[in-house]
There are 2 protein chains.
Amino acid sequence: METQFQSELLDAAVTELSRLPGIGGKTALRLALHLLRCDTSVSDALGNAIINLRHGIRYCSVCHNISQEEVCPICASTSRDASVVCVVENVRDVISFENTGRFNGLYHVLGGVISPVDGIGPDRLEIDSLIERVAKGNVREVILALGATMDGDTTNYYIYRRLAALGTDTTITQLARGVSVGNEIEYTDEITLGRSLEGRVPFNTGF
Amino acid sequence: METQFQSELLDAAVTELSRLPGIGGKTALRLALHLLRCDTSVSDALGNAIINLRHGIRYCSVCHNISQEEVCPICASTSRDASVVCVVENVRDVISFENTGRFNGLYHVLGGVISPVDGIGPDRLEIDSLIERVAKGNVREVILALGATMDGDTTNYYIYRRLAALGTDTTITQLARGVSVGNEIEYTDEITLGRSLEGRVPFNTGF
C-alpha cells in the first residue's frame with residue numbers, strides 16, 4: 001500500500017480539497033467520502049462548476065468586479081447612476097452592498113487595501129484606474145466604503161489625497177460609522193460609541 | 001441582475017459547494033472566491049479530482065472497501081493474513097486501523113450499523129456477505145470492531161448470533177474497551193472505567 005487512503009483517486013481528491021482555506025486533512029477526507037456516496041450527477045456538477053468558474057469568469061474592465069463579459073452587468077446597466085462610484089475592497093463587498101438594495105450607483109473594486117504589514121502598497125491595488133476614472137470628469141460622488149480598520153482608514157485617506165489632488169469638483173464621502181442596527185448601547189465598544197456621538201445627525205422618522 | 005452573485009458561474013459554484021456537508025452559503029462563497037484568485041491549474045486539479053473520484057472508485061467485491069479494481073489491494077495482498085477478518089462500519093475505520101500499523105488481516109466493511117431509530121436494518125448492511133465469507137470456512141477469527149455505541153453494540157451482538165449459528169470454529173473477538181491511552185483516570189467516565197476494571201489483563205511490560 002503506497003497510497004494514504006487505499007486509492008490514488010481518493011488521495012488526489014483529499015489533497016486537492018485540503019488546499020482550500022479552512023479545510024484540513026480530516027475535513028477533506030470526510031468531504032471526499034461524502035462525494036463517493038453521492039449520486040454521480042452531484043459530484044460531476046460540483047467538479048464542473050469549479051472548473052467552469054475559473055475559466056469563465058474574468059474581471060470587469062471598468063470596475064474590476066467579477067464578470068462574464070468585458071464590462072460587468074452593473075457597469076453596463078442603463079438604469080444605474082454612473083455618476084456615483086462606491087470604492088470597495090473586494091467582490092464580497094459588492095455582493096454585500098447589492099444585498100442591501102439601497103445603492104444604485106457603480107462600484108470600483110480595489111482588490112485589497114494598503115497594508116504595510118503584508119507588503120501591499122497602492123501600486124498593487126486598482127487605485128490608478130480609479131483616479132483615471134474620476135479624472136474623466138463624469139463622477140459626481142466617490143463613496144469610500146472600505147472596512148473600518150486601520151488599513152481601511154489608511155487606504156481611504158490615501159485615495160482621498162489622490163482624488164483631492166485632481167482638482168475636480170467630485171464630492172468624496174465615506175460610510176457613516178456608528179451603532180450597528182439591532183445593537184444595545186451597553187454592548188457597543190467605546191470607540192464606535194464615541195464616533196456615533198460625534199457624528200450625530202438630526203432625528204429622522206423615515207427609517 | 002437575476003443572479004445572486006453577479007455571475008451565473010459563481011452562482012453555480014456556490015450552489016454546488018454549499019451542498020457539501022458542513023459548508024453553508026457564506027463558506028461556499030468564500031471558497032468560490034478563493035478559487036477565483038487561484039491559478040487555473042489549482043481549480044482544474046480540484047474539479048477533475050472530484051469528477052474522477054466518483055467515476056474511478058468502486059467497491060471491493062470481497063470486503064466492500066473502496067477500490068479501483070474488482071478486489072482491493074488489501075484483499076489482494078499475499079502478505080496479509082486472510083484468516084483474520086476485522087468487521088468495521090465504514091471506509092474511514094479501515095483507514096484508521098491501517099494507520100495504527102498493527103493489523104495485518106483483512107477487513108469487512110458493513111456500510112453502517114443497525115439503527116432502529118434511522119430505520120437501518122441488517123438487510124441494508126453487508127452482513128449476509130460477511131456470513132457467507134465466514135461460512136466458506138477459511139476464517140480463523142472475526143474481530144468485531146464497531147463503535148462503542150448502542151447501535152454498535154446491537155450490531156456486534158446481531159453479527160455474533162449469526163456467526164455462532166453457523167457452527168464453524170471461528171473465534172469471535174471484540175476490541176478491548178478501557179481507558180484511552182494518554183487519558184487521566186479522573187477524567188475517564190465511570191462506564192469506561194468500570195469496563196476497564198472488569199476487563200483487566202495481566203501486567204504487560206511490552207507496550
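It should be noted that the structure appears before, not after, this text.
All figures in this text were calculated on a predicted structure; none of them were measured in a lab.

This brings us to the packing of aromatic side chains. All names here are of chain A. Under the definition given, this model contains four aromatic pairs over all chains. Between Tyr-157 and Tyr-160, the aromatic rings sit 6.4 Å apart at their centres with planes inclined by 25°, giving stacked as the arrangement. You can see Tyr-157 and its partner Tyr-160 sitting in helix 7 (residues 150-166), three residues apart, about one turn around the helix. Since its relative accessible area comes to 40%, Tyr-160 is described here as partly exposed.

Each partner contributes residues to the interface: chain A has 53 residues there, and chain B has 53 residues. Ranking the residues of chain A by area buried against chain B places Gln6(A), Leu36(A) and Arg54(A) at the top, with a combined share of 15%. Taken together, the links from chain A to chain B amount to zero salt bridges. Scanning the region where chain A abuts chain B turns up twelve residue pairs in polar contact (both at pLDDT 80 or more). When contributions to the side of chain A that touches chain B are tallied by element, the ones reaching two or more residues are helix 1 (8-17), helix 2 (25-37), helix 3 (40-56), helix 4 (73-76) and helix 5 (91-100) of chain A. With 16 residues, the single largest contributor to the side of chain A that touches chain B is helix 3 of chain A. Among the residues making up the side of chain A that touches chain B, the classes are represented as 32 nonpolar, twelve polar and nine charged.

What follows covers the relation of the copies chain A and chain B. Mapping chain A onto chain B is achieved by rotating through 180° and translating by 0.0 Å along the same axis, at an RMSD of 0.1 Å. Taken together, the rotation and translation describe the operation of a two-fold axis. Distance from the rotation axis, computed per C-alpha, reaches its smallest value in chain A at Gly47(A): 1.9 Å. When the interface residues of chain A are mapped onto chain B, 100% of them again fall at the interface, so both copies present the same face.

Residues and elements named next belong to chain A. For strand 5 (residues 141-144) and strand 6 (residues 171-174), the ladder comprises four bridges, and the chain directions are parallel. Each residue of the ladder has a partner; that of Leu-144, found in strand 6, is Gln-174. Remark: the strand 5/helix 7/strand 6 crossover connection has right-handed handedness.

Residue and element names in this part refer to chain A. The element strand 3 (residues 81-88) is extensively covered by neighbouring structure, given that six of its eight residues are classed as buried. Two strands pair when backbone bridges link them, and strand 3 and strand 4 (residues 105-109) are joined in this way by five bridges, in the parallel orientation. In the strand pairing of strand 4, Val-87 is matched with His-108. Once the chain exits strand 3 it traverses helix 5 before rejoining the sheet at strand 4, and the crossover so formed is right-handed. Alignment of strand 3 against strand 5, held across four bridges, turns out to be parallel. Its bridge partner being in strand 5, Cys-86 is matched across the sheet by Ile-143.

Moving on to the pattern of salt bridges. Here the structure, examined in full by the defined rule, presents eight salt bridges over all chains. Linking Arg162(A) and Asp128(A) is a salt bridge whose minimum nitrogen-to-oxygen distance equals 3.0 Å. Note that Arg162(A) is positioned in helix 7 and Asp128(A) in helix 6 (residues 127-135), a separation of 34 residues in sequence. Residue classification places Arg162(A) among the partly exposed positions, given a relative accessible area of 27%. Accessibility expressed as a relative area gives 46% for Asp128(A), which makes it partly exposed. Two residues, Arg140(B) and Asp81(B), come together in a salt bridge whose shortest N-O distance is 2.8 Å.

So, about the sheet that holds strand 6 of chain A. All names here are of chain A. One open sheet holds the four strands; their spatial order is 4-3-5-6, and the pairing between them is parallel. The outermost strands of the open sheet, each flanked by one partner alone, are strand 4 and strand 6. Averaged over all pairs of adjacent strands, the angle between strand axes in this sheet comes to 25°, irrespective of strand direction.

Time to look at the sheet that holds strand 3 (residues 81-88) of chain B. All names here are of chain B. One open sheet accounts for four strands, arranged 4-3-5-6; its pairing is parallel. The open sheet has two edge strands with one neighbour each: strand 4 (105-109) and strand 6 (171-174). This sheet shows a mean twist of 25° between the axes of neighbouring strands, independent of strand direction. Strands strand 3 and strand 4 of the sheet are contacted by helix 5 (residues 91-100), whose axis makes an angle of about 160° with strand 4.

All names here are of chain A. The residue His-64 is not glycine, and still its phi comes out positive at about 70°. Considering the arrangement of structural elements, one finds His-64 in the loop between strand 1 (58-59) and strand 2 (66-67). Relative accessible area serves as the criterion here: at 16%, His-64 is assigned to the buried category.

Bringing the environment of Arg30(A) into the picture now. When you line up the elements, Arg30(A) lands in helix 2. Counting along the chain gives 63 residues from Arg30(A) to Asp93(A), while the straight-line C-alpha distance between them is 31 Å. Aside from chain neighbours lying at most four places away, what touches Arg30(A) is Pro21(B) and Arg92(B).

So, how was this worked out
- Residues numbered from 1 in each chain as written.
- Chains lettered and ligands numbered in written order.
- Predicted model: local features only at pLDDT ≥ 70, side-chain atom pairs only at ≥ 80, totals over all residues.
- Heavy atoms only, no water.
- Phe/Tyr/Trp six-rings, centres within 6.5 Å; stacked < 30°, edge-to-face > 60°.
- Helix = DSSP H or I, 4+ residues; strand = E, 2+ residues; numbered from the N terminus.
- Buried < 20%, exposed > 50% of the residue type's maximum accessible area, 1.4 Å probe, protein only.
- Contact = heavy atoms within 4.5 Å.
- Buried area = accessible area lost by both parts, 1.4 Å probe.
- Salt bridge = Lys/Arg side-chain N within 4 Å of Asp/Glu carboxyl O.
- Polar contact = N/O pair within 3.5 Å; in protein donor to acceptor, adjacent residues only side chain to side chain.
- Nonpolar A, V, L, I, M, F, W, Y, C, P; charged D, E, K, R; others polar.
- Least-squares fit on C-alpha atoms with pLDDT ≥ 70 in both.
- Pairing = 2+ DSSP bridges.
- Right-handed = clockwise from strand over helix to strand, strands pointing away.
- Axes fitted to C-alpha atoms, helices over the stretch in contact; angles between N-to-C directions.

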